[in-house]
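# Structure assessment
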Amino acid sequence: MGTNNYLVVFSLFLLLPHLTSSKIELVDKGYRNLVIAIHKAVPENPQLIEKIKEMLKEASNYLYVATKFRVFFKDVKILLPDTWTTKPDLYRKATTETYSRANVIIAGQKNSKGDEPYTLQYEGCGKEGRYIHFTPNFLLNDKFIQAYGPRGKVFVHEWAHLRWGVFNEYNEYQPFYRDGEHYRVTKCPKDLSGKVCFGNDCSKCNLENANDPPKEGCVFLPEKYQETSSSIMYTPVVKSVNQFCNKSNHNQDAPNDQNKFCKLKSAWEVILESEDFRNANEATDSGSVEPQFTVMQESQTILCLVLDISGSMSGSQRLERLQQSSTLFIEKIAKEESFIGIVTFNNIAYVKKGLTYVSGDDVRKILVNALPTKAEGGTNICSGIRDAFEVLSEDDGSTEGDEILLLTDGEDSGISSCFEAVKTSGTIVHTIALGPSAAKELEMLSEMTNGKKYYASDNFNSNGLLEAFMELSEEQIQLESTGGTQKPGGSLVGDTYIDSGVGFNTNFLVTWQTNVKPDISISDPDGNKYLTKDFKLEEKATVGTLIIPGKAKTGKWSYRIENTAHQPQSMTISITSQPSGAQSEPVIVKTNLQQTNEPPYTVVIYVEVFKNFMPVRHANVTAIIETANTKIIPVILKDNGAAADLVKDDGIYSSFMTDYDGTGRYNFKVQVSKLHTETKAAAGHTSGAMYVQGYLENGTVHLNPPKPVVVDDEDFPVEDFVRTKSGGTFMVKVVPPANQDVFPPCQITDLSAELLNNTVILAWTAPGDDMDKGTVAEYEIRKSKQAVHLRDNFHNATQINTSSIIPLAAGSREQLLFDLEEEEKVNNSVIFFAVVSRDESLLSSDVSNIAQVVIYHPSPKSRDPDTSNQNRKLTVGLAVSLVTIILCSVLGLIALIINKRNSGMMVLDEEHVRKKLNIVAEA
Ligand SMILES: [Ca+2]
Ligand SMILES: [Ca+2]
Ligand SMILES: [Ca+2]
């Protein structure tokens, strides 16, 4: 019925990709344009450059073998920060490469896990990750090679996470799993040889007794030299390992992320399905795979404002807002010692100010005075860009590495005529589309140059234009940005919170609409007030700024802005601050938005909330989406490991957006806060290389130093904070028909199963009618003795009666209890479960993750009368917790069966088990 119609409609739904990191190209088997960037705070050390080169040379060879001669690293760019000494003879000037868009970052310390390399990866199986993170220490210090493997091989492990979206085959939190009457090591492939040892003693750890799980401290030590060539996603420490686990040797039983997120598929199968290989046949070895390196350095900012002054700019107070925001940019955001030029355009372009060295307030004033005050005529964006190229060439005859900030409201059919010139210019172009009519191709300029792209609606209250300008500053952290229309005598009132991680150059920026300035009052945490007279008011623009001298006091600040005009007017406030430089790193928020171009054509919003690269948990995160028709759609994002959110408590907050409002440019920002709640930053879930505790060589145990202890949450308290982050713009080209249900419920990813006596307890987070919104109509739950059967042939598996379930709203916890059938009560057998949900339009979700229970009757021997009371309790706890699902919700399990203070070794936490039993009993 509606389905065909729906497909036709959506076949036009080709959306611009939301560019998030540098685009790596694959040409003739060689990856090009891989950018490895060193963070500003890393002390200058040319040896780091050599170590990066060494690592990539080794990685290129290894990758070539691992992919059976399909790909290697052809062209690698190493980007140095501007804090390092400039050496024009050695380092080229960077063009469109930036640290924030780099594929690999070399930066500080990650978290309590110290120097462990990892890849930030949270969009799911087969999806590209965000970046790989190495610490300088990891690159410089050879002691890590023992535990992680040679750096080049580790790089390929991380590369597989980043490029192809495969996951780890080890599980730090669940190193062993029950398999019938035995325990097995969580590894791939099963035949990777080694021994499970307790320190040097390999006789104490018995895996052959289902009644007796491996003791705490028992670890698997692989043989360093063996025949097995798999697997890189387990560990490259073993010398012979140079392949990924494939269809024939993949271990589907291991409770690892690869099985969990990739539906029991092997890493190699997922890799072969990637765009890199989908259409390629096995290749033959063809010569040198040594990468070429270009060492580049960030340079001072050389930027040209390119401002639209066509006739339409005089409408909707666009020109006034352009003045407001450009003034702010020149006065507050442009860095001292940078160069700025100003070009305006309508039918033709005008150079209003050539490249000007920014030093001191007087120069800034001159630049502000050159801003346009009149709007008339047509729109020719390319003429503006061409004049900007001339301005940007004034310093060195070149536009390479320079930037353009293009602001336009205009339709311009000729915009593509300068695409080629822009592409070859080496200039980064940031675009701001103002109002609903700007040329559709505008954002292409940003995409082809790694620039940022924003959309600001004509809604004066939404502050989009100022937020866009703020985002162009690397140093400024936005705390608050809000606005509203006030009646005469009405006030915009609110609180904000300045945490100790920020506080320098704290800037309160107030805008209004008419020539009647408002009455402003700002109170610091001690009640001291800053009034209108303390603000610096711009002559031409309706904007006032207040910079708090020194470091703004930590704590709650309040503002009140009263409309003193005789007519209503719109007023906004935006509060920004800079890192205080204290020991405490500020909380950093980043946004990421993905549009799918296959059914069900959803938008997924992700927000990363980190402090010093550690996830910040339990924050309130809301995305504020402004549609093309200036409708505001708030979307609450969760870090609960359900629906769009891959992993619970990893500092990534996620949600689907299904609520469209017309085609065109949408704009979004996120508000993140943590006020009066306990929030901790903690060592979170990561996709990274495994720290191997030791290895066997000719039968002898070689132990590595113990892995740095995972520090407890208590060591990283996060104080109250607020943040606002502009996410930029995305284009919606087709919207679903308003009267048709096109969105199925989202896939359930956190199904868990437990067995208590003979009762199975299934639990999951409810999806909704439309992805994660609303309520589903029904659940279909099936079971099988084989996990793969449920995955591949769900509808033929045995159905479980779900008539007792009345579905709850999306995000609620659902539970179903039912008894085992008599014939299922076979000791040491396994039953798998999966769920599909449907909405009232009969649209079905994907098959959920697969959960399992192991039927296990403790033998009478284990109830030995000699066993102490304490031990008996443990045995009961054991019976309950060991049958707990293994394939899903690995992290959720940790709390139940693993005492995390013990480095992830298996220890039954009695209290947790008892609590769990009580919960179940109450239910
Ligand atoms: Ca230049
Ligand atoms: Ca998450
Ligand atoms: Ca639906």
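Residues numbered from 1 in each chain as written. Chains lettered and ligands numbered in written order. Predicted model: local features only at pLDDT ≥ 70, side-chain atom pairs only at ≥ 80, totals over all residues.

## Some points on the overall build of the protein chain
For the protein chain, the count of helices and strands is 17 helices and 47 strands. Burial statistics for the protein chain: of 923 residues in total, 50% are counted as buried. Within the protein chain, contacts between residues separated by at least 24 positions form 75% of all contacts whose residues are at least 6 apart in sequence. (Helix = DSSP H or I, 4+ residues; strand = E, 2+ residues; numbered from the N terminus. Buried ≥ 20, exposed ≤ 12 C-beta atoms within 10 Å, placed from the backbone. Contact = placed C-beta atoms within 7 Å.)

## Points about helix H9 (residues 360–369)
Those residues of H9 that sit buried are Arg364, Leu367 and Val368. Taken down its axis, H9 places every buried residue within 100° of arc, on the same side. Opposite the packed face of H9, turned more than 90 degrees from it, sit the exposed residues Asp362 and Ile366. Where H9 is buried, its residues meet helix H8 (318–333), strand S16 (339–345) and strand S17 (349–357). (Arc of directions from axis to C-beta.)

## Notes on the confidence of the model for the protein chain
When pLDDT is averaged along the protein chain, the result is 86; 87% of the residues meet or exceed 70. Low pLDDT (under 50) marks residues 1–20, which in the prediction has 30 contacts with non-local residues, meaning those over four places away or in another chain. When the criterion is pLDDT under 50, residues 862–923 qualifies, and its contacts beyond four places in sequence or with other chains add up to 109 contacts. (pLDDT = per-residue confidence, 0-100.)

## Observations concerning the pairing of strand S19 (residues 428–434)
Consecutive side chains along a regular strand alternate between the two faces of the sheet. When you tally the buried positions in S19, you get seven out of seven residues, the bulk of the element. Of the two faces of S19, the one holding Ile428, His430, Ile432 and Leu434 and the one holding Val429, Thr431 and Ala433 are both buried throughout. For the crossover that starts at strand S18 (residues 403–408), traverses helix H11 (residues 419–425) and ends in the parallel S19, the hand is right-handed. Bridge count between S19 and strand S20 (residues 453–456): four bridges; the pairing is parallel. By the bridge assignment, Ile432 is partnered in S20 with Tyr454. Between the parallel elements S19 and S20, the chain passes through helix H12 (residues 442–449) in a crossover that is right-handed. (Right-handed = clockwise from strand over helix to strand, strands pointing away. Pairing = 2+ DSSP bridges.)

## Details of the packing of helix H2 (residues 46–66) against helix H5 (residues 151–164)
Put simply, H2 and H5 touch, their axes get as near as 7 Å, and they point 60° apart. In terms of their interaxial angle, H2 and H5 are classed as oblique. Between H2 and H5 the crossing geometry is right-handed. Where H2 approaches H5, its residues Met55, Leu56, Glu58, Ala59, Tyr62, Leu63 and Ala66 are matched on the opposing element by Arg151, Gly152, Lys153, Phe155, Val156 and Trp159. Counted by class, the contact of H2 with H5 contains nine nonpolar, one polar and three charged residues. (Axes fitted to C-alpha atoms, helices over the stretch in contact; angles between N-to-C directions. Parallel < 35°, antiparallel > 145°, perpendicular 65-115°, else oblique. Left-handed = near helix turned anticlockwise from the far one by under 90°. Nonpolar A, V, L, I, M, F, W, Y, C, P; charged D, E, K, R; others polar.)

## Some details on the pairing of strand S24 (residues 519–523)
The side-chain alternation of S24 yields one buried face, formed by Ile520 and Ile522, and one unburied face, formed by Asp519, Ser521 and Ser523. When S24 meets strand S28 (residues 555–562), the two strands line up antiparallel, connected through five bridges. Within S28, the position partnered with Ser523 by the bridge is Ser558. Note that S24 and strand S25 (residues 529–531) share three bridges and pair antiparallel.

## A closer look at the sheet that holds S17
Taken together, six strands build an open sheet; the order of strands is S17-S16-S15-S18-S19-S20 and the sheet is mixed. Only two strands of the sheet have a single neighbouring strand rather than two, namely S17 and S20. Across the sheet, the mean angle from the axis of one strand to that of its neighbour is 15°, orientation sign disregarded. Relative to S20, helix H13 (residues 464–471) is tilted by about 160°, and along the sheet it contacts S19 and S20.

## A few points about the nonpolar core
Judged by nonpolar contacts, the single largest core of 199 residues is most densely connected at Ile36, Val306 and Ile605. Residue contributions to this core peak at nine residues, all from H2. Not counting residues within four places of it along the chain, the set of residues in contact with Ile605 comprises Leu593, Ala623, Val635, Leu637, Ser654, Ser655, Met657 and Phe668. Formed by 27 residues, the second largest nonpolar core is a distinct cluster that contains Leu762, Ala797, Phe832 and Val854. (Core = buried A, V, L, I, M, F, W, Y, C linked by C-beta atoms within 7 Å.)

## Some thoughts on the environment of His157
Locating His157 in the fold gives a position in helix H5. Measuring from C-alpha to C-alpha, the distance between His157 and Tyr118 comes to 9.3 Å, with 39 residues separating the pair along the chain. Beyond its immediate chain neighbours, meaning those up to four positions away, His157 contacts Ile232, Met233, Pro236 and Ala689.

## Remarks on unusual backbone geometry
The phi torsion of most residues other than glycine is negative, and most of the peptide bonds are trans. The linkage connecting Cys188 with the following residue, Pro189, adopts the cis geometry, with an omega of -5°. On the secondary structure map, Pro189 appears in the loop between strand S11 (182–185) and strand S12 (194–198). At the junction of Ser230 and Ser231, the peptide bond is cis and its omega measures out at 5° in the coordinates. One non-glycine residue, Asn463, adopts positive backbone phi at about 65°. Locating Asn463 in the fold gives a position in the loop between S20 and H13. Residue class for Asn463 comes out buried when judged on the 26 C-beta atoms lying within 10 Å of it.

## A word on the sheet that holds strand S42 (residues 759–765)
With antiparallel pairing, the three strands of this open sheet are ordered in space as S41-S42-S45. Both outer strands of the open sheet, strand S41 (752–756) and strand S45 (813–819), are each paired with one neighbouring strand and no more. For this sheet the average axis-to-axis angle between neighbouring strands, irrespective of direction, equals 20°. One ladder, built from seven bridges, connects S42 with S45; its direction is antiparallel. For Ala763, the partnering residue across the bridge sits in S45 and is Gln815.

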